[in-house]
Structure formats: C-alpha cells, structure tokens
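Structural overview
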Amino acid sequence: MESPGQRITEIVAALNILEHNPSMGRPAANGKLELVIGRRSRGFVALYRYVPEIDTVFVLAIRSQTAFASNSGLPHFTMRSKSESPAQ
C-alpha cells in the first residue's frame, strides 16, 4: 500500500511531465485537458488548461478516478464560475 507521501510524489512527477509536453492530456470541456495519473482505484485525473501564448499550464483540479467517475466510468469535473458559486 502506498503512503500519502508516495501518492503526492507520483502526482507531482506526472505534472512535471507537462513542462515538456503540455498538450499531452486528453481533451476535456471548454478547451481544458485531463492528465490521467496512476492506475485504477489509486489513480487520479488532473484537469488543466495550457495557455501557449505564455507557455504556462494551470492545474485547475485533481480528482480521484474512482470518487468522481461518471456512469460511463470516465472521470469528470464540474467547474463553477464565480457567479455560480453559492452565497456565503
């Protein structure tokens, strides 16, 4: 069994790959990309946006593959704009 520290190291190592290949993720909604990290129940999906004009990757979310799988078995994300956020 992996420790939380080992999982974090795996996630950071995978995200570091985007430095050299920022467009490697699979397409997601609204011009975003998803990077699959790890496997099966121990895997994660990072939602990110690459802005080529400034050669920068913005990681928007990291989710467990099992906790946020849709009925089709594929990970998905729900992003809200500030105007859609609940009032505090």
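To keep things clear, this report deals only with the structure shown in the data block. (Residues numbered from 1 in each chain as written. Predicted model: local features only at pLDDT ≥ 70, side-chain atom pairs only at ≥ 80, totals over all residues. Heavy atoms only, no water.)

**Things to note about the overall build of the protein chain**
Selection rule: Secondary structure elements follow DSSP: runs of H or I of four or more residues count as helices, runs of E of two or more count as strands, with numbering from the N terminus. Relative accessibility under 20% of the residue-type maximum defines a buried residue, over 50% an exposed one, and the middle range a partly exposed one, all with a 1.4 Å probe and only protein chains included. Two residues form a contact once any of their heavy atoms are found within 4.5 Å.
A tally of regular secondary structure across the protein chain gives one helix and four strands. The order of α-helices and β-strands along the protein chain, N terminus first, is α-β-β-β-β. In the protein chain, which comprises 88 residues, the share counted as buried stands at 24%. For the protein chain, the proportion of contacts with a sequence separation of at least 24, taken over those separated by at least 6, is 30%.

**Some remarks on the environment of Gln65**
Along the chain, Gln65 turns up in the segment after β4 (56–64). Expressed as a C-alpha distance, the spacing of Gln65 and Arg42, which sit 23 residues apart in the sequence, is 7.6 Å.

**Observations concerning the pairing of strand β3 (residues 44–51)**
Short version of the rule: Paired strands, in this sense, are two strands between which DSSP finds at least two bridges.
Of the strand pairs in this sheet, strand β2 (residues 33–37) and β3 are connected by five bridges, and their pairing is antiparallel. In the strand pairing of β3, Ile37 is matched with Phe44. Bridge analysis of β3 against β4 gives eight bridges, and the strand direction is antiparallel. Across the sheet, the residue bridging to Ala46 is Ile62, located in β4. In this antiparallel pair of consecutive strands, β3 and β4, the connection spans four residues, and Asp55 shows a positive phi of 45 degrees.

**A look at the side chain of Glu34**
So the rule is basically this: Pairing of N or O atoms within 3.5 Å defines a polar contact, subject to two protein rules: one partner must be a possible hydrogen donor and the other a possible acceptor, and residues neighboring in sequence count only if both atoms are side-chain atoms.
Relative to the helices and strands, Glu34 resides in strand β2. Looking at Glu34, the relative accessible area reads 9%, which means it is buried. Polar side-chain contacts of Glu34 include one of 2.7 Å to the side chain of Arg26.

**Here's the deal with the nonpolar core**
Operational definition: Within this scheme, the nonpolar core is defined by two criteria: the residues are buried Ala, Val, Leu, Ile, Met, Phe, Trp, Tyr or Cys, and they are joined through side-chain atoms within 4.5 Å.
In terms of nonpolar packing, the biggest core is built from nine residues, these being Ile11, Ala14, Leu18, Leu33, Leu35, Ile37, Phe44, Ala46 and Tyr48. Residue assignment for this core shows that the elements contributing at least two residues are α1 (4–17), β2 and β3.

**So, the pattern of salt bridges**
What counts is decided by this rule: The term salt bridge refers to a side-chain nitrogen of Lys or Arg lying within 4 Å of a carboxyl oxygen of Asp or Glu.
All chains considered together, the criterion is met by one salt bridge. For the salt bridge of Arg26 with Glu34, the shortest nitrogen-to-oxygen distance reads 2.7 Å.

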